[in-house]
Every structure is written in C-alpha cells, then in structure tokens.
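Listed below are the residues making up each chain.
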Amino acid sequence: NAGVMQNPRHLVRRRGQEARLRCSPMKGHSHVYWYRQLPEEGLKFMVYLQKENIIDESGMPKERFSAEFPKEGPSILRIQQVVRGDSAAYFCASSPGVRGIGSEQYFGPGTRLTVT
Amino acid sequence: TQLLEQSPQFLSIQEGENLTVYCNSSSVFSSLQWYRQEPGEGPVLLVTVVTGGEVKKLKRLTFQFGDARKDSSLHITAAQPGDTGLYLCAGTDLYGQNFVFGPGTRLSVLP
C-alpha cells in the first residue's frame, strides 16, 4: 500500500515564476492537508481539503497561494509569482476520514522549494 | 486558538542515556499524536493517545497522556543514534475542528 506521494521532491524557481506542487494521498484517503516548514522550524498548517472542496484554508496566505483537490488526480498547491520568502519545505498529509479523533494524518516526503 | 508547547527545544545526549521530552498546553485535547521527522523527510506517526492517563509503549519509547489531557510526555530509554530527529506533538481539539502541531524538540544522540 503506497504511502503519500509528493512530486517533485525538489523544485527550483526564479522570482516571479509559478510553482506547482503535487500530492497523491494514500489509497482510500479522501482528505488532504498541506503544511509549510521553514528550516529549523515546526510545521505550519496551510489548508485542508476534501475531494473538490476546501474545508479550511485559514493558514493559507491570501494572495498568490491556491490549492485544489479535484475529483480525479492529485491535490495541487499552486504558488504564483514566487518570492524568496516562499522557499521552504511543503508537506502534504492525508487521512481516511474527517479531521479529528481517530483520523490520523500520514505525511509525504515533502517538496523542497527554492526560489532564486 | 489552542497552542502546544514543547520542551526542551533542543537536546543533545550520549548514546545509552535516557531522556524525556514534553508537550504542554493550557487547553484540553481529545487526542494527541507524536511524530518523528528525520532530516529531509516527512514526519512519521509514532503513536496516538486518546484517554487521560493513557500510557503506550513502542519498544524503547514510552508515551503518556496527562490525566487532564492537556499534556503528554515521551520517554526514550537507552537512546541510540537512530533516535536522532525532530519530535513533534500534535493535538486535536475537543470538537475535532482544529489540529495543531507543537514546534518540536530536536534530539541529537551522539555515538
């Protein structure tokens, strides 16, 4: 049973370009979460999605960032017009049920975004 | 907003020593989870504790959930270099609406 998959593992973008990060949840999981981690820091929640729905985007910056989880295909975290401050590791997690008791989150290996 | 604090922030010990790291909050959580994250990788779930006072053991790791479900501890016996990593606790609030991570404890076990 494959775990959470993320690609690419490493992504380099110049300032002003767009970054697209992909996440395929574990088989049978229909809930996806995105987190950002700066070097030497903990995980910061960004967004929580269910298939075709954004449930909680309270951690998502208001501008340039968007996320989707279509009926078919992976979840996408999109960052438009990247800036150096966007450089970080972005982790995706999935769970089998609604966020809460008994619905543990399983993490992917992350995408390391570097903005030059 | 429920917050989780972890202590110590950094810990460096010799192989074979015992250690305890803590996860504390002023709020009550319905469950707490512990993760370990190694450099360059995603966090890996170690355990979930749900009941106040619950103790779970995973080989040399012992996890405890406080009676009031506001805090948790992780005790490692006879630490090994392979235990090196960032230990994160994460909690779900009573209503299941919020899931928050603590800032983590960075453990380094020297051979």
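Residues numbered from 1 in each chain as written. Chains lettered and ligands numbered in written order. Predicted model: local features only at pLDDT ≥ 70, side-chain atom pairs only at ≥ 80, totals over all residues. Heavy atoms only, no water.

Undergrad: Could you clarify how one ought to interpret the packing of aromatic side chains in this entry?
TA: Any aromatic ring pair is given by two values, namely how distant the centres are and how the planes are angled relative to each other. If you walk through the whole model with that rule in mind, you get nine aromatic pairs over all chains. Taking 4.6 Å as the distance between ring centres and 10 degrees as the angle between the ring planes, the aromatic pair formed by Tyr33(A) and Tyr48(A) counts as stacked. Highlighted residues: Tyr33(A) in strand S4 (residues 31–37) and Tyr48(A) in strand S5 (residues 43–50), separated in sequence by 15 residues. Aromatic pair Phe107(A) and Phe101(B): ring centres 5.8 Å apart, planes at 75 degrees, arrangement edge-to-face. Linking Phe107(A) in strand S10 (residues 106–107) with Phe101(B) in strand S10 (residues 99–101), this pair reaches from one chain into another. (Phe/Tyr/Trp six-rings, centres within 6.5 Å; stacked < 30°, edge-to-face > 60°. Helix = DSSP H or I, 4+ residues; strand = E, 2+ residues; numbered from the N terminus.)

Undergrad: How do you make sense of the interface of chain A and chain B when you look at a structure like this?
TA: Reports often express the size of an interface as the amount of accessible area lost when the parts come together. Listed per partner, the contact involves 18 residues of chain A and 19 residues of chain B. Carbon and sulfur atoms make up 52% of the surface buried where chain A meets chain B, a total of about 1,600 Å² over both sides. Counting every contact that joins chain A to chain B gives zero salt bridges. At the boundary of chain A with chain B, the tally comes to five residue pairs in polar contact (both at pLDDT 80 or more). Elements with a minimum of two residues in the side of chain A that touches chain B: S4 and S10 of chain A. For the side of chain A that touches chain B, the per-class residue count stands at seven nonpolar, five polar and six charged. (Contact = heavy atoms within 4.5 Å. Buried area = accessible area lost by both parts, 1.4 Å probe. Salt bridge = Lys/Arg side-chain N within 4 Å of Asp/Glu carboxyl O. Polar contact = N/O pair within 3.5 Å; in protein donor to acceptor, adjacent residues only side chain to side chain. Nonpolar A, V, L, I, M, F, W, Y, C, P; charged D, E, K, R; others polar.)

Purely geometric stuff here, so don't read any function into it on its own.
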